[in-house]
Every structure is written in structure tokens, then in C-alpha cells.
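Coordinate inspection notes
Here is how the chains run, residue by residue.
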Amino acid sequence: MKGNDIFAELLPPSVQVVQTRTELEDGRSYWEEERYIAEAVPERQQEFRTVRVCARRALARLGHAGVALVPDEKRAPIWPAGVVGSMTHCAGFRAAAVASANDIRGVGIDAELHASLPAEILDIILLPEEQVMAAELSAHHPGIAWDRLIFSAKESVFKAWFPLTRQWLDFLECRILIDAQAHRFQASIRARGPVAAEHELTAMNGRWIAEGPRGQGLLGTCVIVP
Ligand SMILES: CC(C)(COP(=O)(O)OP(=O)(O)OC[C@H]1O[C@@H](n2cnc3c(N)ncnc32)[C@H](O)[C@@H]1OP(=O)(O)O)[C@@H](O)C(=O)NCCC(=O)NCCS
């Protein structure tokens, strides 16, 4: 891992990623964005602003300068024409990834604190076979919060899925298979058959990284739709 850059080695060179563990400012304010968070709590305002500084720095590498990044009615970010991208934030970390739509069809990134999921939500997030897989992986690699990693993989899948389909996807409509050795995963979209097939999204490939032992650091996941 290069320093603190959890996504740097997960994403291909065609994807520009900017990530930070401190809050950032770019010296001006975007009223279109500020309007969206006017009523929000300070923590939400801060993550919203900083992740957009990350996104603008990444977009500048693609030749787009000074773009306001307003969420659409479903909270998905509206990127400049010809750009695909994804944003994530969790306590102490923000990241944005963007690419030309000529290079990839979609990208999803997600960062999570490296801690197990609360037991009471396991059945909402993980399929029974994923719970078995998480238990088996935990027996061999107890330092990694596999249940949270599967959750994060599904969040990345959703962030790539939604802009392409404009359709909801439930956690239990997607199955994650983790390759622990290769730090990769495969997502199978099981329900939503016609929508997934129409958009050639029945399967997605992703990568993951885990910092520190469980209870410390972050988990990061990403998927690319080639
Ligand atoms: C949208 C969602 C994935 C965001 O994930 P999160 O862990 O809550 O938060 P993160 O910080 O990682 O990501 C938030 C960012 O996701 C992006 N996002 C939000 N809704 C989005 C959507 N519909 N499509 C794409 N990206 C979206 C936004 O950029 C947002 O940041 P912003 O509000 O500052 O603009 C999550 O809240 C959600 O609704 N999940 C349920 C759907 C799902 O994940 N299904 C799993 C299918 S396998």
C-alpha cells in the first residue's frame, strides 16, 4: 500500500482517484452544493465538502475544472458529461474516483471502518451462503472483518449499478464471492434479471483491501464496469 492511499493500488490507471484523511478546502465555495447541505449537521457538511474537493482534484486530471457536484434526486452525484465516478466517506476518510466514459462504463468505491457488522443486521445484508463464507474466511483469517467487507463490496456494486440502471438493488439481490488470496471478489446480480441482462451487469468484478487488524484502520472495496 502506498502510504495511506487505500484505493491507489486497487484501481486501474484509467481511473483518477483522490483520497484524504484530513479535511480539504479548495479556496472557493459552490452555492449549488452549499444549498444541498444548508440544513445538515456540521459533520455531514464537512464530509460532503471535502469529498467534493477530492472529486474536483480528480476531475482536473481529466481536464474538467471547477465543476459543482450536486446530487440528483436519488443522491447519486451528477458528473460532467462523458465522466463516470464514485465517492465515499467514513470517519476520518474521504475519496473520489473518476474516469472517462470512453475508458470504462462505471466505477464504484466504498470505504468502511474496519469493524464487524452489528449481529442484528447480518440477515439483512448477507445471504445465508455469504454468512457461511464469512465464517469460513474468519476461521482462516480472523484479523479481517469479512462481514463488513462483504457489506462494503455490495455498497461499491450499488454505486456502479445505480447510475447505469437507475434501479434500486437490494443487498440480498447480489451475491459476493471473495477471493482472499488475490484480494478480489465477484458480485453476481441474481434478481433484477432483465435489468441486469439489459445492462450487461449480471456479474461485476471487484478488488478489496484491509488495513490493520479488525478494529483498526479501514476496509476499501471497488468495482469497475469495463
Ligand atoms: C447509497 C449508498 C450505497 C451510500 O453508501 P454509504 O456507505 O451510506 O456512504 P458512502 O460515504 O460510502 O457513500 C456516499 C456517497 O455515495 C454516493 N451515492 C449516493 N447515492 C448514490 C446512488 N444512488 N448511486 C450512486 N452513488 C450514490 C454519493 O456520492 C454519496 O456521497 P454524497 O452524499 O456526499 O454525495 C447507501 O447509503 C445505500 O443506500 N445503500 C443501499 C443500497 C445498496 O447498497 N444495495 C446493495 C446492493 S448489492
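Please read all numbers here as calculations on a predicted model, not as lab measurements.

Cut-offs used in this document
- Residues numbered from 1 in each chain as written.
- Predicted model: local features only at pLDDT ≥ 70, side-chain atom pairs only at ≥ 80, totals over all residues.
- Heavy atoms only, no water.
- Pairing = 2+ DSSP bridges.
- Helix = DSSP H or I, 4+ residues; strand = E, 2+ residues; numbered from the N terminus.
- Axes fitted to C-alpha atoms, helices over the stretch in contact; angles between N-to-C directions.
- Domains from an automatic or database assignment.
- Contact = heavy atoms within 4.5 Å.
- Buried area = accessible area lost by both parts, 1.4 Å probe.
- Salt bridge = Lys/Arg side-chain N within 4 Å of Asp/Glu carboxyl O.
- Polar contact = N/O pair within 3.5 Å; in protein donor to acceptor, adjacent residues only side chain to side chain.

Some remarks on the sheet that holds strand E4 (residues 106-113)
The sheet built from five strands is open, its strands ordered E4-E8-E7-E6-E5 with antiparallel pairing. With partners counted over all chains shown, the strands left at the sheet margins are E4 and strand E5 (174-179), one partner each. Across the sheet, the axes of successive neighbouring strands diverge by a mean angle of 20°, strand direction being ignored. Relative to strand E8 (residues 218-225), strand E7 (residues 203-210) runs antiparallel, the two being bridged by six bridges. In the sheet register, Ile209 faces E8, and the bridge partner there is Gly220.

Points about the domain arrangement of the chain
Its domain assignment divides the chain into domain 1 (16-101) and domain 2 (110-225). Using only C-alpha atoms to locate each centre, domain 1 and domain 2 end up separated by 23 Å. Residue-level contacts link 11 residues of domain 1 with nine residues of domain 2. Carbon and sulfur atoms make up 55% of the surface buried where domain 1 meets domain 2, a total of about 770 Å² over both sides. If you sort the residues of domain 1 by the area they bury against domain 2, Arg21, Thr88 and Cys90 come out on top, with a joint share of 44%. Scanning the region where domain 1 abuts domain 2 turns up three salt bridges. As a salt-bridge pair, Glu73 and Arg166 come within 3.3 Å of each other at their nearest N and O atoms. For the pair domain 1 and domain 2, the number of links is five residue pairs in polar contact (both at pLDDT 80 or more). Ranked by the residues each element gives to the side of domain 1 that touches domain 2, the list is headed by strand E2 (residues 83-90), at four residues.

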